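# Overview (structure and organization)
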Amino acid sequence: MKANVIIIGSGIAALKLAKMLRRDLNVIIFTKSNKTTSNSYLAQGGIAVALSDNDDPYKHYQDTLEAGRYYNNEEIVAKMTKEAPGLIKELLSEGAPFDRDSSGNIKLGLEGAHGEKRIIHGGGDATGKTIVDFLLTQTQHIQIAENMTVYDLMIENERCIGVKAKDSNERTYTVHADHVVIATGGIGQVYSFTSNADTVTGDGIALAYRAGADLADMEFVQFHPTLLYAGGKGVGLVSEAVRGEGARLVTEDGTHIMEGVHPYKDLAPRHVVSQTIYQTMSKGKSVYLDISSIKNFQSYFPTVASLCRDHGIDINKGKIPVVPGSHFLMGGILTNLHGQTSVPGLYAIGEAACTGAHGANRLASNSLLEGLYFGKRLAQWINEAPVTNQIETIARKPKKQIFAHFELPDIATIKKTMMDSTGISRNGETLETQLKYLESYHIDYWLHADLDDLSLEDLNKVFMLICSWLVTKAALKRTESRGGHLRADFPVEDEGWAKRKIILQKKGDRVEQIKVKITT
Ligand code: SIN
């Protein structure tokens, strides 16, 4: 096993990149579990793309900015929405099985905050599975190392030169590479309610921060309004497409909770819907999706129907209990248009990256699109870059002496405290308390410690601790409410913060004015 390019993660951005890299490059994908355990694979809702006669990329661009509370990088949004039809046509020409209507045209659905029908799906509500399975057929020439947890980046002369990883037996490996790409998804699992895959514990973001990369917008966490609520837990996603087909959010007595809240009602931007459900539930009321108007629910939404069945919810009764949960991180590792981070040799794509595409709140079904767009852009960049042939065979390292480390918190407590204090609604006092709680576990030590002798379980804890601290720190600093960041003590958008980005960096944080110049 040798590598020119190491890709960490196996979601849509990783696979699109792998597929498009030059065939003479030696590419390895490291994935923490198996190749289909990812947020991309779980994605129900589809890919946003302006394909209909009524639509055009400019309308898609405008909806993206409105959902993102005009905090987006407009240049990136303009380029991504403009290239979306081309990206999808490319996949269709290669045989990607997107859903079609009876006349053979691509079916277009509606989701929250979209002014037009522009969501394409695969397998009904199994879009992520459909596209990942398809991309896996196109990447059979790529080595995919499963059950490999990358736990450190190797930095030499301020350049990333490779990774350290552990297999499921906790044996350690080092691999050198010209290019190291983080595509590990976001941080969903740091919250007790989440739609994310079990493996999404913020690893890539913690790795990059430890390595000295700039992070941005960590305070902007999107809470999806509707996870299925069963046994006191959020047990999986109920796609927004269900509301796109007419479902309404109601309380036990049938009161429609989105009435009078936003002109798009149940299809308002996600932060508006999640915050309304959260406020309703805070008053002790349960919230349901009334699906009684949707005919053939089972055939439209097979994934949701089987999730309900598995948790004893009878969809024929017309009501699905729901709860909001963490879904997507708008922030992450700060990158430019090619996916480069502030550390030479290190790149980030997909949810792990902060490209500015999503602003303060992501528009529904723009994440798979972002993965495709930046996977392709980074491939173009790497394909043109000189290859240094600095390739090394993976060496299994001798077992090291075990060092004593500081104690780590248990995972359930991290998740609960994050949900309570750095969740859907935040305030200065609880954020301060949460920050102190997290710092009591010696964050500074974990930012610098040698992690070679940690168990896989403790590595997860370290990454979750670091990411929780980063989100909490940024959330405390942004004294306004915008998109996914709701401060109960600063409840409105503040013009002073409108274009100010909180950049977190190991050597010192800073606040930067966003510079946006549209060049297309
Ligand atoms: C959903 O199906 O509601 C999720 C789609 C998305 O997050 O964009």
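In what follows, the structure referred to is the one given above.
Residues numbered from 1 in each chain as written. Predicted model: local features only at pLDDT ≥ 70, side-chain atom pairs only at ≥ 80, totals over all residues. Heavy atoms only, no water.

### Overview of the overall build of the protein
Each helix and strand counted, the protein has 15 helices and 21 strands in total. Computed over C-alpha atoms, the radius of gyration of the protein comes to 22 Å, within 12% of the 24 Å expected from 2.2 N^0.38 for 520 residues, which places it in the range of a compact globule. With respect to the three principal axes, the spread of C-alpha positions in the protein is 65 × 55 × 50 Å. A total of 520 residues make up the protein; the buried ones form 62% of that total. If you take every contact in the protein between residues at least 6 apart in sequence, the share linking residues at least 24 apart comes to 72%. (Helix = DSSP H or I, 4+ residues; strand = E, 2+ residues; numbered from the N terminus. Rg over C-alpha atoms; globule rule 2.2 N^0.38 Å. Buried < 20%, exposed > 50% of the residue type's maximum accessible area, 1.4 Å probe, protein only. Contact = heavy atoms within 4.5 Å.)

### As for the pattern of salt bridges
For the structure on display, the rule yields 32 salt bridges. Where lysine 19 meets glutamate 94, a salt bridge forms, and the shortest distance between an N and an O atom there is 2.7 Å. Here the residue lysine 19 occupies a position in helix H1 (residues 12–20), and glutamate 94 occupies one in the loop between helix H4 (74–93) and strand S4 (119–120), the gap between them amounting to 75 residues. Overall, the relative accessible area of 18% leaves lysine 19 in the buried class. The residue lysine 319 makes a salt bridge to glutamate 252 at a minimum N-O spacing of 3.7 Å. Residue lysine 319 is located in strand S15 (residues 319–329), and its partner glutamate 252 is located in the loop between strand S13 (248–251) and helix H8 (270–282); the two are separated by 67 residues in the primary sequence. By relative accessible area, glutamate 252 is classed as exposed at 53%. Residues joined by salt bridges that share partners form a network here, namely Glu66, Arg69, Glu219, Arg478, Glu480, Arg482 and Glu493. (Salt bridge = Lys/Arg side-chain N within 4 Å of Asp/Glu carboxyl O.)

### Thoughts on the site of the ligand
As a matter of local geometry, the ligand sits amid Gln44, Gly45, His224, Leu237, Ser239, Glu240, Arg270, His327, Arg362, Ala364 and Ser365. A distance of 2.8 Å separates an oxygen atom of the ligand from a polar atom in the side chain of histidine 224. When the ligand is considered free in solution it has 260 Å² of accessible area, and contact with the protein chains removes 96% of it. Here the residues of the shell around the ligand sort into two nonpolar, six polar and three charged. (Near = heavy atom within 4 Å. Polar contact = N/O pair within 3.5 Å; in protein donor to acceptor, adjacent residues only side chain to side chain. Areas by Shrake-Rupley, 256 points an atom, 1.4 Å probe, with all protein chains shown as cover. Nonpolar A, V, L, I, M, F, W, Y, C, P; charged D, E, K, R; others polar.)

### Notes on the packing of helix H13 (residues 428–439) against helix H15 (residues 456–477)
For any two helices packed against each other, the geometry is given by the interaxial angle and the distance between the axes. Two elements in contact, H13 and H15, have axes separated by 9 Å at closest approach and are oriented at 150°. Compared by their axis directions, H13 and H15 come out roughly antiparallel. Helix-helix and strand crossings are classified by hand; for H13 and H15 the assignment is left-handed. Judged by residue contacts, Gly428, Leu431, Glu432, Gln434, Leu435, Leu438 and Glu439 of H13 engage Leu465, Ser468, Trp469, Thr472, Lys473, Ala475 and Leu476 from H15. In terms of residue class, the contact of H13 with H15 is made up of seven nonpolar, four polar and three charged. (Axes fitted to C-alpha atoms, helices over the stretch in contact; angles between N-to-C directions. Parallel < 35°, antiparallel > 145°, perpendicular 65-115°, else oblique. Left-handed = near helix turned anticlockwise from the far one by under 90°.)

### Some words on the sheet that holds strand S20 (residues 500–504)
Judged by pairing direction, the sheet is mixed, and its five strands sit side by side in the order S18-S16-S10-S20-S21 without closing on themselves. Bordering the open sheet on either side are strand S18 (353–354) and strand S21 (510–513), each of which pairs with just one other strand. Alignment of strand S16 (residues 332–334) against S18, held across two bridges, turns out to be parallel. Each bridged residue has a counterpart across the sheet, and for leucine 334 the counterpart in S18 is cysteine 354. Of the strands in this sheet, strand S10 (215–216), S16 and S20 touch helix H6 (residues 203–210), which is tilted by about 40° from S16. Against the sheet, H15 engages S10, S20 and S21, with an angle of about 145° to S20. (Pairing = 2+ DSSP bridges.)

### Considerations on unusual backbone geometry
Phi angles above zero are rare outside glycine, and tyrosine 70 is one such case at about 55°. With respect to the helices and strands, the residue tyrosine 70 is situated in the loop between helix H3 (57–67) and H4. Despite not being glycine, alanine 113 has its phi angle at roughly 65°, a positive value. For alanine 113, the position within the fold is in the loop between H4 and S4. For alanine 113, a relative accessible area of 8% corresponds to the buried category.

### Considering the sheet that holds S13
Strand order in the open sheet made by the five strands is S12-S11-S15-S14-S13, with antiparallel pairing throughout. Both outer strands of the open sheet, strand S12 (233–237) and S13, are each paired with one neighbouring strand and no more. Between one strand and the next, the sheet's axes are offset by a mean angle of 55°, whatever the strand orientation. Pairing analysis gives four bridges linking S13 to strand S14 (residues 287–290), with the strands arranged antiparallel. Its bridge partner being in S14, leucine 249 is matched across the sheet by leucine 289. Along the sheet face, H8 touches strand S11 (221–230), S13, S14 and S15 and points at about 50° away from the line of S11. Taken strand by strand, helix H10 (residues 302–310) contacts S11, S12 and S15, and its axis lies near 150° from that of S12.

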